[in-house]
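# Inside the fold
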Amino acid sequence: SPYDTSDSLEITVYLEMSEDGTIYCVAIKDDGLGTTAPAGWQIKANSGDFDAWGSTAIEARYYYKGYVRFQGLVEDTAYDVYCFGVDMSGNGIDGTPAYVTNQTKVDLTKRTARTLPILVA
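Residues numbered from 1 in each chain as written. Predicted model: local features only at pLDDT ≥ 70, side-chain atom pairs only at ≥ 80, totals over all residues. Heavy atoms only, no water.

### What to know about the layout of surface pockets
Considered as a void within the structure, the largest pocket measures approximately 320 Å³ in volume. Along the walls of the largest pocket sit 16 residues, with Glu16, Met17, Ile23, Ile93 and Thr109 positioned nearest its centre. Secondary-structure elements contributing two or more residues to the lining of the largest pocket are strand 2 (11-16) and strand 6 (78-87). A class-by-class count of the residues in the lining of the largest pocket yields nine nonpolar, three polar and four charged. (1 Å grid on protein atoms, 1.4 Å probe; cavity = no way out; pocket = protein on both sides within 12 Å on 5 of 7 lines; lining within 4 Å. Points joined across faces, edges and corners; volume = space filled by probe spheres on them. Helix = DSSP H or I, 4+ residues; strand = E, 2+ residues; numbered from the N terminus. Nonpolar A, V, L, I, M, F, W, Y, C, P; charged D, E, K, R; others polar.)

### Digging into the sheet that holds strand 7 (residues 111-114)
The strand order across the open sheet built from four strands is 4-3-6-7, with neighbouring strands paired in antiparallel fashion. Unpaired on one side and paired on the other, strand 4 (52-58) and strand 7 mark the two borders of the sheet. Averaged over all adjacent pairs, the angle separating strand axes in this sheet is 25 degrees, with direction ignored. Here strand 3 (residues 21-29) runs beside strand 4; their pairing, made up of seven bridges, is antiparallel. In the sheet register, Thr22 faces strand 4, and the bridge partner there is Ala57. (Pairing = 2+ DSSP bridges. Axes fitted to C-alpha atoms, helices over the stretch in contact; angles between N-to-C directions.)

### Focus: the side chain of Thr77
With respect to the helices and strands, Thr77 occurs in the loop between strand 5 (65-70) and strand 6. Looking at Thr77, its side chain comes within polar contact range of the main-chain oxygen of Val74, at 3.3 Å. Once residues lying within four places of it in the same chain are set aside, the contact partners of Thr77 are Lys29, Ala113, Arg114 and Thr115. (Polar contact = N/O pair within 3.5 Å; in protein donor to acceptor, adjacent residues only side chain to side chain. Contact = heavy atoms within 4.5 Å.)

### Re the packing of aromatic side chains
Considering all chains together, one arrives at two aromatic pairs under this definition. With 5.8 Å between their ring centres and 45 degrees between their planes, Tyr14 and Tyr67 make a pair best called tilted. In this pair, Tyr14 sits in strand 2 while Tyr67 sits in strand 5, placing the two residues 53 residues apart along the sequence. (Phe/Tyr/Trp six-rings, centres within 6.5 Å; stacked < 30°, edge-to-face > 60°.)

### A few points about the state of the cysteines
Note: disulfide means a covalent bond formed between the sulfur atoms of two cysteine side chains. Throughout the structure, instances matching the rule amount to one disulfide. Covalently, Cys25 is tied to Cys83 through a disulfide, its sulfur atoms 2.1 Å apart. Looking down the S-S bond of the Cys25 and Cys83 bridge, the torsion is 105 degrees, so its handedness is right-handed. Of the two residues, Cys25 is situated in strand 3 and Cys83 in strand 6; the sequence distance between them amounts to 58 residues. For Cys25, a relative accessible area of 0% puts it in the buried group. (Disulfide = S-S within 2.5 Å. Buried < 20%, exposed > 50% of the residue type's maximum accessible area, 1.4 Å probe, protein only.)

That's the geometry; what it means functionally is another story.
Below, the structure written as structure tokens:
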């Protein structure tokens, strides 16, 4: 299952799939009002008002694991991260292209992470 690590200006999200494919992720700043999950095609195409975007190849030789690192973020800030996985046959986690889009599958990828404050002594 996904987990994350943070420092003052970046967040790294560690990911896993059950087969070869690619995972695309976005980070959206949460100002306290929450965020709305983008559609899978928006995540894949980096087509939205995102604060950061990244992707990673998932392969058997790496035990179906990978990570996406978001850099250049604002310190001490909450971000919601959403991801969209596509297997090597082109099937998305939302059921596309074979079935009607199931947005709930994208909604369930949400992770909230916070960059750390820079402490000055």
